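Fold and contact review
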Amino acid sequence: MKKFLLIATLLMGTLMIAQAQDKKAQIKFDKTTFSYGTFSEKEPVQKCTFTFTNVGTAPLGINNAVASCGCTVPSYTKTPVLPGETGEIKVTYNGAGKFPGHFKKTITIHSNGEPEMVRLYVEGNMTDASEATKKN
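These remarks concern the structure in this document. (Residues numbered from 1 in each chain as written. Predicted model: local features only at pLDDT ≥ 70, side-chain atom pairs only at ≥ 80, totals over all residues. Heavy atoms only, no water.)

1. Re the overall build of the chain
- A tally of regular secondary structure across the chain gives two helices and eight strands.
- In the chain, the succession of α and β elements from N to C terminus is α-β-β-β-β-β-β-β-β-α.
- Expressed as a percentage of the 136 residues in the chain, the buried residues total 32%.
- Surface accessibility of the chain: about 8900 Å² in total, with carbon and sulfur atoms responsible for 56%. (Helix = DSSP H or I, 4+ residues; strand = E, 2+ residues; numbered from the N terminus. Buried < 20%, exposed > 50% of the residue type's maximum accessible area, 1.4 Å probe, protein only. Areas by Shrake-Rupley, 256 points an atom, 1.4 Å probe, with all protein chains shown as cover.)

Following this line, the structure appears as structure tokens:
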């Protein structure tokens, strides 16, 4: 009986140690909001890049990046990002045909890391093309 209890205790301890050392990816962004500032309707296409680091212990994969509007298009690193390495989410906003004014768009990132979902934001203020003409 003592041998059984000793073996069971050792097995439980081994399982607990193995479980504590589970390898997981962890995503960490340098920033989650980017402001394009004020720009003219004459130059409606604006671009930015969000950089992330895998601060976990397993390879990180981005499964999907979805924008809240068709005027905002994300592209992302398709290959797994190893622990300690960085990747990018590039976002292009196209305000052509949109009303001038302030905007704020959301990009939802899904990954195999912790957290599984992260929201990024881009915002700015597009001015009417005729306002730029009046100033000149």
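Additional details are given in the paragraphs that follow.
2. Side note on the sheet that holds strand β4 (residues 62-67)
- Sheet architecture is open: four strands sit in the order β2-β8-β7-β4, paired in mixed fashion. The open sheet has two edge strands with one neighbour each: β2 (33-40) and β4. The average angle at which neighbouring strand axes cross in this sheet is 20°, direction not considered. (Pairing = 2+ DSSP bridges. Axes fitted to C-alpha atoms, helices over the stretch in contact; angles between N-to-C directions.)

3. A look at the pattern of salt bridges
- With the rule as written, the count across this model stands at one salt bridge.
- When the shortest N-O distance is used, the salt bridge between K90 and E88 registers 3.8 Å.
- A relative accessible area of 42% means that K90 is categorised as partly exposed.
- Residue classification places E88 among the partly exposed residues on the basis of a relative accessible area of 35%. (Salt bridge = Lys/Arg side-chain N within 4 Å of Asp/Glu carboxyl O.)

4. Re the packing of aromatic side chains
- If you walk through the whole model with that rule in mind, you get seven aromatic pairs.
- Relative to F52, the ring of F29 lies with its centre 5.5 Å away and its plane at 55°, an arrangement referred to as tilted. Of this pair, F29 sits in strand β1 (residues 27-29) while F52 sits in strand β3 (residues 45-54), and the two are 23 residues apart along the sequence.
- Look at F39 and Y93: their rings are 6.3 Å apart centre to centre, the planes differ by 70°, and that puts the pair in the edge-to-face class. Remark: Y93 occurs in strand β6 (residues 86-94) and F39 occurs in strand β2; sequence separation between them is 54 residues.
- Among the aromatic side chains, those forming a connected cluster through ring pairs are F34, Y36, F39, Y93 and F103.
- One Lys or Arg, K78, reaches over the ring of Y76 and ends 3.6 Å from the middle of that ring. (Phe/Tyr/Trp six-rings, centres within 6.5 Å; stacked < 30°, edge-to-face > 60°. Lys NZ or Arg CZ within 6 Å of the ring centre and 35° of its normal.)

5. Side note on the sheet that holds β1
- In space, the four strands of this open sheet follow the order β1-β3-β6-β5, with antiparallel pairing throughout. At either margin of the open sheet sits one strand with a lone partner, and together these are β1 and β5 (72-76). Neighbour to neighbour, the strand axes of the sheet diverge by 25° on average, direction disregarded.

6. Quick notes on the nonpolar core
- Grouped together as the largest cluster of nonpolar side chains are 24 residues, with contacts concentrated most on F29 and I89.
- Elements that contribute at least two residues to this core include exactly β1, β2, β3, β4, β6, β7 (101-111) and β8 (117-127).
- The element that contributes the greatest number of residues to this core is β8, accounting for four residues.
- Those residues in contact with F29, other than ones at most four positions away along the chain, are F50, T51, F52, I89, I109, V118 and L120. (Core = buried A, V, L, I, M, F, W, Y, C linked by side-chain atoms within 4.5 Å. Contact = heavy atoms within 4.5 Å.)

7. Some words on the side chain of T72
- Tracing the backbone shows T72 in strand β5.
- When sequence neighbours within four positions are dropped, the list of residues in contact with T72 reads A67, V91, T92, Y93, K105, I107 and V122.

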